[in-house]
Amino acid sequence: MDSKYLIRFLFFTFIIALLLLLTLTNIPYPLPLSDNRALLDCTTNSRRCTIKQPPKPTTRLHTTDVPHHPLDPLTLTELNKVRSILLSHALFSNSNSFAFHSIVLDEPDKAVVLEWSHGDALPPRKASVIARVNGETHILTVDISTRVVTPVDVGEHSGYPTMTIEDMTSSTWAPLGNAEFNRTIMARGIDLKDLACLPISLGWFGKKEENRRLIKVQCYSMDGTANFYMRPIEGLTVVLDMDTKQVVEISDKGRNIPIPKAAGTDYRFSAQNTKNNLVNPISIEQPKGPSFVIENEHLVKWANWEFHLKPDPRAGVVISRARVKDPGTGEIRNVMYKGFTSELFVPYMDPTDAWYFKTYMDAGEYGFGLQSMPLDPLNDCPRNAYYMDGVFAAGDGKPYIRENMVCVYESYAGDIGWRHSESPITGMEIREVRPKVTLVVRMAASVANYDYIVDWEFQMDGLIRVKVGLSGILMVKGTSYDNMNQVNQPENLYGTLLSENVVGVIHDHYITFYLDMDVDGPNNSFVKVNLKRETTSPEESPRLSYLKAVRNVAKTEKDAQVKLKLYDPSEYHIINPSKKTRVGNPTGYKLVPGGTAASLLDLDDPPQKRGAFTNNQIWVTPYNKSEEWAGGLFTYQSHGDDTLAVWSERDRAIENKDIVMWYTLGFHHVPCQEDYPIMPTVSSSFDLKPVNFYDSNPILNIPPHFEKDLPVCNAAASAA
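Please read these numbers as outputs of a predicted model, since none were measured by experiment. (Residues numbered from 1 in each chain as written. Predicted model: local features only at pLDDT ≥ 70, side-chain atom pairs only at ≥ 80, totals over all residues. Heavy atoms only, no water.)

## Comments concerning the environment of Gln459
Stage number 1. You can see Gln459 is positioned in strand S22 (residues 450-459).
Stage number 2. The sequence separation of Gln459 and Ala303 amounts to 156 residues, and the corresponding C-alpha distance is 8.9 Å.
Stage number 3. Excluding residues that lie within four positions of it along the chain, Gln459 makes contacts with Trp302, Trp305, Lys436, Thr438 and Arg465.
Stage number 4. There is a polar contact of 3.3 Å between the side chain of Gln459 and the side chain of Lys436. (Helix = DSSP H or I, 4+ residues; strand = E, 2+ residues; numbered from the N terminus. Contact = heavy atoms within 4.5 Å. Polar contact = N/O pair within 3.5 Å; in protein donor to acceptor, adjacent residues only side chain to side chain.)

Now the structure itself:
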């Protein structure tokens, strides 16, 4: 390699190593402070208080953390112990090549957790470990107290574990060690110092991709912009052996496609030539502080709700033991044992050489939690938000801290909990309204270009709303066209021309959620309440038709496979047939669908085989501790032989059993110019809503807002 390019290569390697060091150590990410630094004088109940600038994010070392609950994640101390135990084990001490792809809590059996009460001794703390040693995948359980390491047999499955951060980072600079790659880059007119590359999972498309971990690398130009995603080196794809870091193949089929311009692509506030201040600053103040508490780092209590909350390297956020207080009896009632993001499937709709393989599984391949980023106070989360760190294990087993990964806050957006105003014709002057205040648990993951915001919102009426927001930057394709008048009408761009030489490729997003509902206890049933049109005879009624609710209890898994249909509507209930309301209805919750886009891919298309969990929007399976990941335990380069669709084909009994419901939020995305150079957030959600769970409206007796209870805030004359 030419000496000047060697120097640049070493410089680039140093930068990547530095970024990796920052990621895997306790060094906090820089978080911008608000520009609104004025103090506020706040008056409520004739008492004055000063609300100051929000506290700066603090760095928590977590060295003294101890578990308090059976579901608490492994602490920093425990992760260090697990690493020490493993490194002294013969499997690792006799090997020079190994990596830890996952070290997380091996959760106790569900029955053990349900029997545990605060004050009881914790069940034995164990770690579940997925490791690669000398090219082989191993699953192990480590008893932290006894130091016993036990192999776990999960059967034969295709695929590999979730990539480590080190896998991804090292893959981006490995091509720079290949002379042919460097010549190709320079032939495109790109300076190596301006190069940015991405590690792209390649799915599975046949036997030539088997028996070794492969990854594809595509690159961009950073020259003139931080938004390098808008400057693709189109048609250049490197196939890399992820274990050896050797280049297997270089494909360069876009030499005639120009690199799109940098002008107008930078999205940073500091890079904008004009600032468009459309509204005044807004903030919700809580002089008395928030109404929620978080006990022992992970137990959240708010209003009538309590639940366990923890970050997870694969799922992002896990909600467990969600329970709600009945206002009539005071009983704390079970709603959901466990809920989390199981998989994200993102297929792009371009079958050409440099694009056909872009069919991502963001949780199973990249780690949804591993890709989470520190939340930005005041912008990602409002004042008085509580921030929770993730403590994860790196590829060498050493723990690191993902700071401010999750926030918890109360939300009031002027929404209404319930209301009624009486008509003047009745002679009654009644106007009763109740505000809706909710509790939100939020995380945000930046999976390369795309940003996902996931909210779990708890409402006082017992409803749980799960919302997913899509933002970030489009994955775009370079083109020779700079105006649509140059395009022949029959030609397929596979997307939308967004700017000169930039095409936003059509794609889908499917986010599949695992919902282990335990409504008033573990044994539940799934009921499809189908709305059917009934006809009437002329002598029966002036009406010709009406709707009737027909309830069908699913006996087995196939009975509960649901494709949503607009003109064949149903409600979808999870009921406890053993628990009845005062008037005899079984208590339950219902799934209220949203984000209902469905996959249109051929069922035999290799990406759809792997993403077969999107063949239906709703599935119900019997609880099985080993069935949590809709795309399979080992998703990377998997063939689709260990998915939710495969499990459900067993057609197991699910009536009055411990069951799990799965729901997939779907988005079709045909890009538009408003998505350029960065996308306004698009959101959709689904609800888990009480249905005959309570005897009456559970928020009937909550008070309205009164002026005397609310603060009146004004900017102080001076800012200190």
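Moving on, there is more to tell.
## Considerations on helix H6 (residues 179-187)
Spacing of three or four residues puts side chains on the same side of an α-helix, whose turn is 3.6 residues.
Stage number 1. Within H6 the residues assigned to the buried category are Phe181, Asn182, Thr184 and Ile185. End-on, the buried residues of H6 take up no more than an arc of 160 degrees, which puts them together on one face. Facing away from the buried side of H6 by more than 90 degrees, the exposed set consists of Arg183 and Ala187.
Stage number 2. Looking at the buried side of H6, the elements it contacts are strand S7 (195-200), strand S8 (214-221), strand S9 (236-241) and strand S10 (247-252). (Buried < 20%, exposed > 50% of the residue type's maximum accessible area, 1.4 Å probe, protein only. Arc of directions from axis to C-beta.)

## Section: the sheet that holds S10
Stage number 1. Judged by pairing direction, the sheet is antiparallel, and its four strands sit side by side in the order S7-S8-S9-S10 without closing on themselves. Each end of this open sheet is capped by a strand with a single partner; those strands are S7 and S10. Sheet twist, expressed as the mean angle between neighbouring strand axes with direction ignored, is 25 degrees.
Stage number 2. Here five bridges tie S9 to S10, and the two strands are oriented antiparallel to one another. Looking at S10, one finds that Val238 is bridged to Ile250.
Stage number 3. Against the sheet, H6 touches S7, S8, S9 and S10, its axis set at about 165 degrees to S9. (Pairing = 2+ DSSP bridges. Axes fitted to C-alpha atoms, helices over the stretch in contact; angles between N-to-C directions.)

## Quick notes on the packing of aromatic side chains
How two aromatic rings sit relative to each other is given by the distance of their centres and the angle of their planes.
Stage number 1. Counted by the stated rule, this structure contains 28 aromatic pairs.
Stage number 2. Centroid distance Phe205 to Tyr356: 5.0 Å. Interplanar angle 80 degrees. Geometry classified as edge-to-face. Taken as a pair, Phe205 in the loop between S7 and S8 and Tyr356 in the loop between strand S15 (332-347) and strand S16 (359-361) lie far apart in primary sequence, 151 residues in all.
Stage number 3. Assessed through its relative accessible area of 28%, Phe205 is described here as partly exposed.
Stage number 4. Through a chain of ring-to-ring contacts, the aromatic side chains of Phe340, Tyr514, Trp629, Trp647 and Trp662 assemble into a single cluster.
Stage number 5. Across the ring face of Phe269, the terminal group of Lys275 is positioned such that the distance to the ring centre comes to 5.1 Å.
Stage number 6. Directly above the aromatic system of Phe693 lies the positively charged group of Arg333, at a separation of 3.7 Å from the ring centroid. (Phe/Tyr/Trp six-rings, centres within 6.5 Å; stacked < 30°, edge-to-face > 60°. Lys NZ or Arg CZ within 6 Å of the ring centre and 35° of its normal.)

## A look at helix H2 (residues 76-87)
Stage number 1. Given a rise of 1.5 Å per residue, 12 residues ought to cover 16 Å, and the 17 Å separating the end C-alpha atoms of H2 matches this to within 8%.
Stage number 2. For H2, the full list of buried residues reads Leu76, Glu78, Leu79, Val82, Ile85 and Leu86. (Expected span 1.5 Å × (residues − 1).)

## Looking at the sheet that holds strand S25 (residues 495-499)
Stage number 1. Strands sit in the order S24-S26-S25 across an open sheet of three strands; the sheet is antiparallel. Two strands in the sheet have a free side with no partner beyond their single neighbour: strand S24 (476-478) and S25. Neighbour-to-neighbour, the strand axes of this sheet turn through a mean angle of 40 degrees, independent of strand direction.
Stage number 2. As judged from the four bridges shared by S25 and strand S26 (residues 502-505), these two strands associate in the antiparallel manner. By the bridge assignment for S26, Gly495 is matched with Val505.

## Observations concerning the state of the cysteines
One covalent bond between the sulfur atoms of two cysteine residues makes up a disulfide.
Stage number 1. Counted according to the given criterion, the structure contains two disulfides.
Stage number 2. Cys197 shares a disulfide with Cys219; S-S distance 2.1 Å. Taking the torsion about the S-S bond as the criterion, the Cys197 to Cys219 disulfide, at about 100 degrees, is right-handed. Remark: Cys219 occurs in strand S8 and Cys197 occurs in strand S7; sequence separation between them is 22 residues.
Stage number 3. The side chain of Cys381 participates in a disulfide bridge whose partner is Cys407; the two sulfur atoms lie 2.1 Å from each other. Residues Cys381 and Cys407 are joined by a disulfide whose S-S torsion is about -90 degrees; by sign, that bridge is left-handed. You can see Cys381 sitting in the loop between helix H7 (362-366) and strand S17 (386-393) and its partner Cys407 sitting in strand S18 (residues 399-411), a full 26 residues away along the chain. By the burial criterion, Cys381 is buried, and Cys407 matches it.
Stage number 4. Sequence-ordered numbering of the bonded cysteines in the protein gives a disulfide pattern of 1-2, 3-4. (Disulfide = S-S within 2.5 Å.)

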